Amino acid sequence: MGRNEPCWCGSNNKWKKCHMGRQAMKPFSPFEVEADWRRRGQKGYCSHSLDGTGCANGIVKSHTLQRRGGLSAIAEGKSVVMTVKPQSMRAMIDHEGRPPPVEIGIGKASVFPGFCGHHDDAIFKPVEGKDVALDADDAMLFAYRAIAYERFTKAVHVENTMVQRQMDRGQPLPIQQAIQRQCHITLAGAKRSLAEIDAVMKEYPARLDGGSHAGFHHLAYRFDGVLPLVASGAFMPELAIDGTLLQRLARGTAAFEQLTLTISSYAGRSVAVFGWIGPDDGASAAYVDAFDAVPDADKADAIMQMAFEQLENIYFRPSWWNGLPTPQRAHLRERVHAGVATNQRTPGVYSPSKPPLATAGIVERTRS
(Lines give C-alpha, C1' and ligand atoms only; values in the text may rest on other atoms or scores of the structure.)
Protein backbone atom coordinates (compact mmCIF):
# COMPACT_ATOMS: atom_id res chain seq x y z
CA MET A 1 0.00 0.00 0.00
CA GLY A 2 1.08 3.61 -0.44
CA ARG A 3 3.26 5.23 2.22
CA ASN A 4 0.73 8.00 2.84
CA GLU A 5 -2.40 5.84 2.77
CA PRO A 6 -4.29 5.19 6.04
CA CYS A 7 -2.79 2.12 7.69
CA TRP A 8 -4.69 -1.13 7.26
CA CYS A 9 -4.84 -1.64 11.04
CA GLY A 10 -7.38 1.15 11.54
CA SER A 11 -5.19 3.34 13.71
CA ASN A 12 -5.97 6.42 11.54
CA ASN A 13 -2.23 6.94 11.07
CA LYS A 14 -0.47 6.89 7.74
CA TRP A 15 1.02 3.51 6.84
CA LYS A 16 4.55 4.94 6.84
CA LYS A 17 4.11 6.05 10.45
CA CYS A 18 2.38 2.88 11.61
CA HIS A 19 2.84 -0.63 10.19
CA MET A 20 5.30 0.03 7.40
CA GLY A 21 8.35 -2.11 8.26
CA ARG A 22 6.70 -3.36 11.47
CA GLN A 23 8.02 -6.91 10.95
CA ALA A 24 11.61 -5.62 11.14
CA MET A 25 11.11 -3.69 14.38
CA LYS A 26 12.44 -4.73 17.76
CA PRO A 27 10.05 -7.30 19.26
CA PHE A 28 7.57 -5.99 21.80
CA SER A 29 8.09 -6.71 25.49
CA PRO A 30 5.00 -7.32 27.66
CA PHE A 31 6.72 -5.33 30.38
CA GLU A 32 6.19 -2.23 28.24
CA VAL A 33 2.48 -2.71 28.89
CA GLU A 34 3.12 -2.90 32.63
CA ALA A 35 5.29 0.25 32.61
CA ASP A 36 2.57 2.16 30.76
CA TRP A 37 -0.13 0.81 33.09
CA ARG A 38 1.80 1.85 36.20
CA ARG A 39 2.53 5.31 34.78
CA ARG A 40 -1.10 5.94 33.91
CA GLY A 41 -2.22 4.52 37.24
CA GLN A 42 -0.24 7.22 39.03
CA LYS A 43 -1.50 10.10 36.89
CA GLY A 44 -4.76 11.22 38.40
CA TYR A 45 -7.55 13.74 38.14
CA CYS A 46 -10.47 14.91 40.29
CA SER A 47 -13.55 12.85 39.51
CA HIS A 48 -15.80 15.52 41.02
CA SER A 49 -14.55 18.32 38.79
CA LEU A 50 -12.73 17.14 35.68
CA ASP A 51 -12.12 20.77 34.66
CA GLY A 52 -10.63 21.63 38.06
CA THR A 53 -13.49 23.85 39.26
CA GLY A 54 -13.35 24.15 43.04
CA CYS A 55 -10.37 21.81 43.32
CA ALA A 56 -7.54 22.40 45.79
CA ASN A 57 -4.65 20.71 47.59
CA GLY A 58 -3.60 18.65 44.55
CA ILE A 59 -4.62 15.16 43.47
CA VAL A 60 -4.39 12.70 46.35
CA LYS A 61 -4.28 8.93 46.72
CA SER A 62 -7.89 8.48 47.72
CA HIS A 63 -8.89 5.37 49.65
CA THR A 64 -11.98 3.69 48.24
CA LEU A 65 -12.30 2.04 51.66
CA GLN A 66 -11.54 3.87 54.87
CA ARG A 67 -8.17 2.92 56.28
CA ARG A 68 -9.32 3.10 59.89
CA GLY A 69 -12.07 0.69 60.80
CA GLY A 70 -12.44 -0.79 57.32
CA LEU A 71 -9.03 -2.02 56.19
CA SER A 72 -7.53 -1.98 59.67
CA ALA A 73 -10.33 -4.23 60.96
CA ILE A 74 -9.13 -7.11 58.76
CA ALA A 75 -5.39 -6.35 58.74
CA GLU A 76 -2.89 -8.60 60.47
CA GLY A 77 0.79 -8.45 61.33
CA LYS A 78 2.29 -5.21 60.10
CA SER A 79 -1.04 -3.88 58.84
CA VAL A 80 -1.22 -6.38 55.99
CA VAL A 81 -4.25 -7.59 54.03
CA MET A 82 -4.55 -9.78 50.94
CA THR A 83 -5.91 -8.92 47.50
CA VAL A 84 -6.75 -10.65 44.22
CA LYS A 85 -5.69 -7.60 42.19
CA PRO A 86 -2.69 -8.50 39.97
CA GLN A 87 0.37 -6.65 41.22
CA SER A 88 2.79 -7.21 38.32
CA MET A 89 3.13 -8.47 34.77
CA ARG A 90 5.64 -11.07 35.99
CA ALA A 91 2.96 -12.57 38.24
CA MET A 92 0.53 -12.65 35.32
CA ILE A 93 3.06 -14.42 33.10
CA ASP A 94 4.24 -16.88 35.74
CA HIS A 95 0.67 -17.93 36.57
CA GLU A 96 -0.76 -17.85 33.01
CA GLY A 97 -2.94 -14.83 33.69
CA ARG A 98 -4.32 -16.06 37.00
CA PRO A 99 -1.95 -15.06 39.81
CA PRO A 100 -2.81 -16.09 43.37
CA PRO A 101 -3.82 -13.54 46.04
CA VAL A 102 -0.92 -11.59 47.53
CA GLU A 103 -0.31 -9.55 50.66
CA ILE A 104 -0.36 -5.74 50.56
CA GLY A 105 -0.04 -3.05 53.22
CA ILE A 106 -3.20 -1.10 54.07
CA GLY A 107 -1.43 2.14 53.17
CA LYS A 108 -1.38 1.04 49.53
CA ALA A 109 -4.61 -0.96 49.49
CA SER A 110 -7.67 0.49 47.76
CA VAL A 111 -6.04 3.79 46.76
CA PHE A 112 -6.36 5.60 43.44
CA PRO A 113 -5.58 9.21 42.38
CA GLY A 114 -9.20 10.02 41.66
CA PHE A 115 -9.94 13.17 43.69
CA CYS A 116 -8.24 16.39 44.69
CA GLY A 117 -7.49 16.81 48.38
CA HIS A 118 -10.35 19.27 48.88
CA HIS A 119 -13.12 17.19 47.32
CA ASP A 120 -11.85 13.92 48.80
CA ASP A 121 -12.07 15.38 52.30
CA ALA A 122 -15.19 17.52 51.90
CA ILE A 123 -17.35 14.96 50.09
CA PHE A 124 -16.52 11.72 51.90
CA LYS A 125 -16.01 12.96 55.47
CA PRO A 126 -19.45 11.63 56.59
CA VAL A 127 -18.40 8.03 55.84
CA GLU A 128 -14.89 8.32 57.26
CA GLY A 129 -15.90 8.43 60.91
CA LYS A 130 -16.50 5.76 63.53
CA ASP A 131 -19.97 4.87 62.28
CA VAL A 132 -22.46 5.44 59.43
CA ALA A 133 -26.23 5.80 59.30
CA LEU A 134 -26.78 3.63 56.20
CA ASP A 135 -29.32 6.16 54.94
CA ALA A 136 -29.57 7.41 51.35
CA ASP A 137 -27.01 10.17 52.01
CA ASP A 138 -24.30 7.76 53.16
CA ALA A 139 -25.23 5.18 50.53
CA MET A 140 -24.81 7.71 47.75
CA LEU A 141 -21.32 8.57 48.98
CA PHE A 142 -20.33 4.90 48.93
CA ALA A 143 -21.77 4.53 45.44
CA TYR A 144 -20.07 7.67 44.11
CA ARG A 145 -16.65 6.63 45.35
CA ALA A 146 -17.10 3.12 43.94
CA ILE A 147 -18.20 4.39 40.52
CA ALA A 148 -15.34 6.93 40.45
CA TYR A 149 -12.85 4.13 41.11
CA GLU A 150 -14.30 2.02 38.29
CA ARG A 151 -14.23 4.99 35.92
CA PHE A 152 -10.55 5.57 36.68
CA THR A 153 -9.57 1.94 36.10
CA LYS A 154 -11.51 1.80 32.83
CA ALA A 155 -9.89 5.00 31.56
CA VAL A 156 -6.45 3.52 32.30
CA HIS A 157 -7.50 0.32 30.52
CA VAL A 158 -8.54 2.20 27.37
CA GLU A 159 -5.24 4.04 27.14
CA ASN A 160 -3.23 0.94 27.98
CA THR A 161 -4.96 -0.97 25.18
CA MET A 162 -3.47 1.57 22.76
CA VAL A 163 -0.03 0.45 23.90
CA GLN A 164 -0.99 -3.19 23.41
CA ARG A 165 -1.40 -2.48 19.69
CA GLN A 166 2.40 -2.46 19.59
CA MET A 167 2.52 -6.15 20.51
CA ASP A 168 2.90 -7.14 16.85
CA ARG A 169 6.31 -5.52 16.45
CA GLY A 170 8.80 -7.90 14.85
CA GLN A 171 6.05 -10.31 13.79
CA PRO A 172 5.12 -11.46 10.25
CA LEU A 173 2.06 -9.91 8.61
CA PRO A 174 -0.46 -12.71 9.43
CA ILE A 175 0.37 -12.47 13.13
CA GLN A 176 0.22 -8.67 12.95
CA GLN A 177 -3.28 -8.93 11.51
CA ALA A 178 -4.42 -11.39 14.19
CA ILE A 179 -3.07 -9.18 16.99
CA GLN A 180 -4.66 -6.05 15.55
CA ARG A 181 -8.03 -7.76 15.20
CA GLN A 182 -7.95 -8.80 18.84
CA CYS A 183 -6.82 -5.34 19.96
CA HIS A 184 -9.59 -3.74 17.90
CA ILE A 185 -12.21 -5.89 19.65
CA THR A 186 -10.70 -5.24 23.08
CA LEU A 187 -10.46 -1.50 22.51
CA ALA A 188 -14.02 -1.25 21.21
CA GLY A 189 -15.31 -3.02 24.33
CA ALA A 190 -13.14 -0.90 26.64
CA LYS A 191 -14.33 2.35 25.04
CA ARG A 192 -17.97 1.35 25.28
CA SER A 193 -17.54 0.34 28.91
CA LEU A 194 -15.91 3.69 29.67
CA ALA A 195 -18.69 5.58 27.89
CA GLU A 196 -21.32 3.64 29.85
CA ILE A 197 -19.75 4.42 33.20
CA ASP A 198 -19.10 8.07 32.23
CA ALA A 199 -22.82 8.50 31.60
CA VAL A 200 -23.58 7.24 35.10
CA MET A 201 -20.78 8.97 36.99
CA LYS A 202 -21.71 12.45 35.75
CA GLU A 203 -25.07 12.02 37.49
CA TYR A 204 -23.50 12.03 40.96
CA PRO A 205 -21.84 15.47 41.39
CA ALA A 206 -25.04 17.44 40.73
CA ARG A 207 -27.02 15.32 43.20
CA LEU A 208 -24.37 15.56 45.88
CA ASP A 209 -23.88 19.31 45.45
CA GLY A 210 -27.64 19.89 45.42
CA GLY A 211 -28.52 17.45 48.18
CA SER A 212 -30.87 15.51 45.90
CA HIS A 213 -31.49 11.76 45.86
CA ALA A 214 -33.58 11.86 42.68
CA GLY A 215 -33.25 8.56 40.85
CA PHE A 216 -30.79 7.14 43.38
CA HIS A 217 -31.63 3.84 45.08
CA HIS A 218 -29.85 1.74 47.67
CA LEU A 219 -30.11 -1.41 49.75
CA ALA A 220 -27.86 -1.73 52.78
CA TYR A 221 -27.23 -4.22 55.58
CA ARG A 222 -25.43 -4.05 58.89
CA PHE A 223 -24.08 -7.34 60.25
CA ASP A 224 -23.61 -8.23 63.90
CA GLY A 225 -19.87 -8.83 63.48
CA VAL A 226 -16.91 -8.10 61.23
CA LEU A 227 -16.63 -10.01 57.97
CA PRO A 228 -13.07 -10.95 56.92
CA LEU A 229 -13.40 -8.93 53.69
CA VAL A 230 -13.86 -5.35 52.48
CA ALA A 231 -14.60 -4.28 48.92
CA SER A 232 -15.61 -1.35 46.75
CA GLY A 233 -16.52 -1.21 43.08
CA ALA A 234 -19.17 -1.20 40.39
CA PHE A 235 -20.37 -3.79 37.91
CA MET A 236 -23.06 -4.34 35.30
CA PRO A 237 -25.46 -6.93 36.77
CA GLU A 238 -25.85 -9.71 34.23
CA LEU A 239 -27.12 -12.70 36.19
CA ALA A 240 -28.90 -12.37 39.50
CA ILE A 241 -27.72 -14.44 42.43
CA ASP A 242 -30.60 -16.84 41.72
CA GLY A 243 -29.48 -17.25 38.07
CA THR A 244 -32.08 -14.93 36.46
CA LEU A 245 -30.76 -13.20 33.31
CA LEU A 246 -31.01 -9.44 33.86
CA GLN A 247 -29.23 -7.90 30.89
CA ARG A 248 -27.16 -9.43 28.12
CA LEU A 249 -23.81 -7.69 28.12
CA ALA A 250 -21.91 -6.84 24.93
CA ARG A 251 -25.14 -7.08 22.92
CA GLY A 252 -27.06 -4.29 21.20
CA THR A 253 -26.74 -0.55 21.76
CA ALA A 254 -28.92 -0.01 24.84
CA ALA A 255 -27.23 1.43 27.93
CA PHE A 256 -26.32 -1.07 30.64
CA GLU A 257 -27.15 -0.44 34.27
CA GLN A 258 -24.28 0.03 36.71
CA LEU A 259 -24.60 -1.27 40.27
CA THR A 260 -22.15 -0.41 43.05
CA LEU A 261 -21.25 -2.49 46.08
CA THR A 262 -19.27 -1.42 49.12
CA ILE A 263 -18.41 -3.75 52.00
CA SER A 264 -16.66 -2.20 54.97
CA SER A 265 -16.95 -2.08 58.76
CA TYR A 266 -17.75 0.49 61.42
CA ALA A 267 -17.77 0.19 65.20
CA GLY A 268 -16.98 -3.52 65.05
CA ARG A 269 -19.73 -4.43 62.58
CA SER A 270 -19.57 -4.90 58.82
CA VAL A 271 -21.88 -3.11 56.40
CA ALA A 272 -22.76 -4.00 52.81
CA VAL A 273 -24.21 -1.22 50.64
CA PHE A 274 -25.62 -1.52 47.13
CA GLY A 275 -26.33 1.69 45.22
CA TRP A 276 -27.41 2.73 41.75
CA ILE A 277 -28.89 5.60 39.75
CA GLY A 278 -31.67 4.44 37.46
CA PRO A 279 -35.08 2.79 37.56
CA ASP A 280 -36.37 1.08 40.67
CA ASP A 281 -37.51 -1.90 38.61
CA GLY A 282 -34.56 -2.47 36.28
CA ALA A 283 -31.61 -4.86 36.28
CA SER A 284 -29.99 -3.38 39.40
CA ALA A 285 -33.21 -3.53 41.40
CA ALA A 286 -33.80 -7.13 40.31
CA TYR A 287 -30.24 -8.02 41.30
CA VAL A 288 -30.57 -6.66 44.83
CA ASP A 289 -34.08 -8.13 45.16
CA ALA A 290 -32.64 -11.58 44.46
CA PHE A 291 -29.91 -11.02 47.02
CA ASP A 292 -32.45 -9.75 49.55
CA ALA A 293 -34.36 -13.02 49.13
CA VAL A 294 -31.36 -15.03 50.38
CA PRO A 295 -32.02 -16.10 53.99
CA ASP A 296 -30.45 -13.67 56.45
CA ALA A 297 -28.40 -16.49 57.95
CA ASP A 298 -26.73 -16.99 54.54
CA LYS A 299 -26.24 -13.35 53.54
CA ALA A 300 -22.69 -13.07 54.91
CA ASP A 301 -21.61 -16.10 52.89
CA ALA A 302 -23.48 -14.85 49.81
CA ILE A 303 -22.01 -11.33 49.91
CA MET A 304 -18.50 -12.80 50.14
CA GLN A 305 -19.09 -14.96 47.07
CA MET A 306 -20.56 -11.98 45.25
CA ALA A 307 -17.55 -9.77 46.01
CA PHE A 308 -15.10 -12.31 44.59
CA GLU A 309 -17.15 -12.73 41.43
CA GLN A 310 -18.11 -9.14 40.67
CA LEU A 311 -15.31 -6.93 42.00
CA GLU A 312 -11.55 -6.70 41.71
CA ASN A 313 -11.03 -4.06 44.39
CA ILE A 314 -11.39 -6.51 47.31
CA TYR A 315 -9.19 -7.12 50.35
CA PHE A 316 -9.38 -9.86 52.95
CA ARG A 317 -7.80 -11.14 56.15
CA PRO A 318 -4.73 -13.32 55.45
CA SER A 319 -5.46 -15.90 58.17
CA TRP A 320 -9.02 -16.29 56.86
CA TRP A 321 -7.79 -17.02 53.34
CA ASN A 322 -5.04 -19.35 54.46
CA GLY A 323 -7.46 -21.20 56.72
CA LEU A 324 -9.95 -22.00 53.94
CA PRO A 325 -10.06 -25.57 52.63
CA THR A 326 -8.09 -25.90 49.39
CA PRO A 327 -11.25 -26.55 47.27
CA GLN A 328 -12.84 -23.34 48.55
CA ARG A 329 -9.77 -21.28 47.72
CA ALA A 330 -9.75 -22.79 44.24
CA HIS A 331 -13.45 -22.04 43.83
CA LEU A 332 -13.04 -18.41 44.84
CA ARG A 333 -10.09 -17.94 42.51
CA GLU A 334 -12.28 -19.30 39.72
CA ARG A 335 -15.04 -16.86 40.60
CA VAL A 336 -12.59 -13.97 40.25
CA HIS A 337 -12.42 -14.75 36.52
CA ALA A 338 -16.14 -15.35 36.00
CA GLY A 339 -17.61 -13.45 33.09
CA VAL A 340 -14.62 -13.62 30.75
CA ALA A 341 -14.85 -15.36 27.38
CA THR A 342 -13.31 -18.58 28.68
CA ASN A 343 -15.30 -18.63 31.93
CA GLN A 344 -18.87 -17.49 31.30
CA ARG A 345 -21.27 -16.98 34.17
CA THR A 346 -23.92 -19.66 34.39
CA PRO A 347 -27.38 -19.85 35.97
CA GLY A 348 -27.51 -20.92 39.59
CA VAL A 349 -24.61 -18.67 40.53
CA TYR A 350 -25.12 -19.00 44.29
CA SER A 351 -25.25 -21.95 46.61
CA PRO A 352 -24.29 -21.89 50.32
CA SER A 353 -20.62 -22.63 50.95
CA LYS A 354 -19.73 -25.62 53.09
CA PRO A 355 -18.39 -24.50 55.47
CA PRO A 356 -19.72 -20.92 55.09
CA LEU A 357 -17.16 -18.32 54.00
CA ALA A 358 -18.41 -16.18 56.87
CA THR A 359 -21.20 -16.29 59.45
CA ALA A 360 -22.91 -13.17 60.75
CA GLY A 361 -26.46 -12.08 61.46
CA ILE A 362 -28.29 -9.06 60.04
CA VAL A 363 -29.11 -6.38 62.62
CA GLU A 364 -30.20 -3.57 60.28
CA ARG A 365 -31.58 -3.24 56.74
CA THR A 366 -32.32 0.03 54.93
CA ARG A 367 -33.61 0.73 51.41
CA SER A 368 -34.50 3.72 49.29
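To be clear, the structure that these remarks concern was listed above.
Residues numbered from 1 in each chain as written. Predicted model: local features only at pLDDT ≥ 70, side-chain atom pairs only at ≥ 80, totals over all residues. Heavy atoms only, no water.

J.: Looking at this model, I keep getting lost on the overall build of the protein. Mind explaining?
T.: Secondary structure assignment for the protein yields 11 helices and 10 strands. Here the protein has a C-alpha radius of gyration of 22 Å; the compact-globule value for 368 residues is 21 Å, and the two agree. Seen through its principal axes, the protein has C-alpha atoms that stretch 70 × 50 × 45 Å. In the protein, which comprises 368 residues, the proportion classed as buried is 49%. When the accessible surface of the protein is split by element, carbon and sulfur atoms take 53% of a total near 17,100 Å². (Helix = DSSP H or I, 4+ residues; strand = E, 2+ residues; numbered from the N terminus. Rg over C-alpha atoms; globule rule 2.2 N^0.38 Å. Buried < 20%, exposed > 50% of the residue type's maximum accessible area, 1.4 Å probe, protein only. Areas by Shrake-Rupley, 256 points an atom, 1.4 Å probe, with all protein chains shown as cover.)

J.: Teacher, can you tell me more about the nonpolar core here?
T.: With 41 residues, the main nonpolar core has Leu227, Ile263, Phe274, Ile303, Phe308, Phe316 and Trp320 as its most contacted residues. Counting residues per element, the ones that place at least two in this core are strand S5 (216-223), strand S6 (229-235), strand S7 (259-266), strand S8 (269-277), helix H8 (283-292), helix H9 (299-310), strand S9 (314-316) and helix H10 (318-323). When neighbours within four sequence positions are excluded, phenylalanine 316 is seen to be in contact with Ile74, Val81, Met82, Thr83, Val84, Pro101, Pro228, Leu229, Phe308 and Trp321. Of all hydrophobic cores here, the second largest spans 37 residues; its members include Cys46, Ile123, Phe142 and Leu187. (Core = buried A, V, L, I, M, F, W, Y, C linked by side-chain atoms within 4.5 Å. Contact = heavy atoms within 4.5 Å.)

J.: Even after reading the chapter, I still don't get unusual backbone geometry, so can you show me in this structure?
T.: As a rule of thumb, non-glycine residues mostly have phi less than zero, and peptide bonds are mostly trans rather than cis. Here the amide bond leading from lysine 354 into proline 355 is cis, since omega sits at -5°, within 30 degrees of zero. Assignment of secondary structure puts proline 355 in the loop between helix H11 (326-336) and strand S10 (362-367). A positive phi angle is found at asparagine 12, which is not glycine, with a value near 75°. By the secondary structure assignment, asparagine 12 is in the segment before helix H1 (30-42). Positive phi values are uncommon outside glycine, yet alanine 267 reaches one of about 50°. Checked against the element boundaries, alanine 267 lands in the loop between S7 and S8.

J.: Just to check I follow, could you spell out the sheet that holds S9 for this structure?
T.: Paired through their backbone hydrogen bonds, the strands of a sheet run either parallel or antiparallel. Pairing in this open sheet of eight strands is antiparallel, and the strands run S3-S2-S9-S6-S7-S8-S5-S10 from one edge to the other. Of all strands in the sheet, those with a lone pairing partner are strand S3 (102-105) and S10, marking the two edges. When strand polarity is set aside, the average angle formed by the axes of neighbouring strands in this sheet is 25°. Pairing between strand S2 (residues 80-83) and S3: four bridges, direction antiparallel. The partner of methionine 82 across the bridge, within S3, is glutamate 103. Where H8 meets the sheet, it contacts S5, S6, S7, S8 and S10, and its direction lies at approximately 155° from that of S8. (Pairing = 2+ DSSP bridges. Axes fitted to C-alpha atoms, helices over the stretch in contact; angles between N-to-C directions.)

J.: Would you mind showing me how to read H9 here?
T.: Side chains that are three or four residues apart share a direction in an α-helix, a result of its 3.6 residues per turn. The terminal C-alpha atoms of H9, which comprises 12 residues, lie 16 Å apart, in line with the 16 Å expected from a rise of 1.5 Å per residue. When H9 is considered as a whole, its buried residues turn out to be Lys299, Ala300, Asp301, Ala302, Ile303, Met304, Gln305, Met306, Ala307, Phe308, Glu309 and Gln310. (Expected span 1.5 Å × (residues − 1).)

J.: I keep staring at H8 and nothing clicks. Help me out?
T.: Across the 10 residues that make up H8, a large majority, seven, are buried. Taken as a whole, H8 has its buried residues at Ala283, Ser284, Ala285, Tyr287, Val288, Ala290 and Phe291.

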